[in-house]
Amino acid sequence: MNYNFHLLSKLQRIISYYNKLLINYPKIETVLRNNIEKTNYDMIEAIFAFNINDTVRIRQKYLKDFLVKLSMFDYYIKVSYDKKIISKRQFEVIGRAVIEIRKIAFGVLKIENEKENRA
């Protein structure tokens, strides 16, 4: 199974879902909306950079960058819920998807660490 593709497809699905929600953000929350959009693009960029590179250490760096961005995305979602911009149902759906993506990413990181230890 190609975990990189699985990770990317799950990420694209959740970003697509959340982009539909961003339309309803109030004008006063433009900073939050812009941060979410930037974080989404940064996560996709980190996954592409991870897939392109061959060196294990560089791949690990991009994967860790992705995990940091995913944590920030999770935080922005919590802030959006606390400010009552998204509903509890939307918060739960996104939360489950973030947990699933995080599990996949940590699994890929574990595989990368094993590759580095073998070398």
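The structure displayed is predicted, hence computed values, not measured ones.

Novice: Got a sec to walk through the overall build of the protein chain? Specific residues and values, please.
Specialist: Tallying secondary structure elements over the protein chain gives four helices and zero strands in all. Walking the protein chain from its N terminus toward its C terminus, one meets helices and strands in the order α-α-α-α. If one aligns the C-alpha atoms of the protein chain with their principal axes, the spans along those axes are about 50 × 25 × 20 Å. Per-residue burial over the protein chain gives 39% buried out of 119 residues. Roughly 7500 Å² of accessible area belongs to the protein chain as shown, and the carbon and sulfur atoms make up 56% of that amount. Each charge sign in the protein chain was given a centre, from 22 positive and 13 negative side chains, and these centres are 4 Å apart.

Novice: I'd like to hear about the confidence of the model for the protein chain, residue by residue, with values.
Specialist: When pLDDT is averaged along the protein chain, the result is 91, and 96% of the positions lie at 70 or above. Element-level pLDDT for the protein chain is lowest in helix 1 (residues 3–22), with a mean of 87, against a maximum mean of 95 in helix 3 (residues 56–82).

Novice: Describe the environment of N40, listing the residues and the values that go with them.
Specialist: On the secondary structure map, N40 appears in helix 2 (residues 30–52). With 32 residues separating them along the chain, N40 and M72 place their C-alpha atoms 9.8 Å apart. Filtering out sequence-adjacent residues up to four positions away, N40 remains in contact with I15, N19 and F73.

Novice: Tell me about the side chain of Q60, and name the residues and values.
Specialist: Position of Q60 relative to the elements: it lies in helix 3. On the basis of relative accessible area, Q60 is assigned to the buried category, the value being 7%. Setting aside residues up to four positions removed in sequence, Q60 forms contacts with L109, E112, N113 and E116.

Novice: Provide a residue-level description of the nonpolar core, including the pertinent values.
Specialist: With 34 residues, the main nonpolar core has L11, Y18 and F66 as its most contacted residues. Going through the elements one at a time, helix 1, helix 2, helix 3 and helix 4 (88–118) are the ones with two or more residues in this core. Among all residues touching F66, those that are not within four sequence positions of it are L7, L11, M43, A46, I47, I101 and A105.

Novice: Talk me through the side chain of E112; I want residue IDs and the actual numbers.
Specialist: Summarising the element assignment, E112 is placed in helix 4. Polar contacts involving the side chain of E112 include one to the side chain of R59, which spans 3.2 Å. Apart from the residues within four sequence positions on either side, E112 is in contact with F50, V56, R59 and Q60.

Novice: Tell me about a nonpolar patch on the surface, and name the residues and values.
Specialist: A surface patch of nonpolar side chains, about 290 Å² in accessible area, is lined by V68, M72 and Y75. By the secondary structure assignment, Y75 is in helix 3. Note on Y75: relative accessible area 49%, which makes it partly exposed.

Scoring rules and cut-offs
Residues numbered from 1 in each chain as written. Predicted model: local features only at pLDDT ≥ 70, side-chain atom pairs only at ≥ 80, totals over all residues. Heavy atoms only, no water. Helix = DSSP H or I, 4+ residues; strand = E, 2+ residues; numbered from the N terminus. Buried < 20%, exposed > 50% of the residue type's maximum accessible area, 1.4 Å probe, protein only. Areas by Shrake-Rupley, 256 points an atom, 1.4 Å probe, with all protein chains shown as cover. Lys, Arg positive; Asp, Glu negative; His and termini not counted. Charge placed at Lys NZ, Arg CZ, Asp CG, Glu CD. pLDDT = per-residue confidence, 0-100. Contact = heavy atoms within 4.5 Å. Core = buried A, V, L, I, M, F, W, Y, C linked by side-chain atoms within 4.5 Å. Polar contact = N/O pair within 3.5 Å; in protein donor to acceptor, adjacent residues only side chain to side chain. Patch = residues over 30% accessible without salt bridge, like charges linked within 9 Å, V, L, I, M, F, W, Y side chains within 5 Å. Salt bridge = Lys/Arg side-chain N within 4 Å of Asp/Glu carboxyl O.

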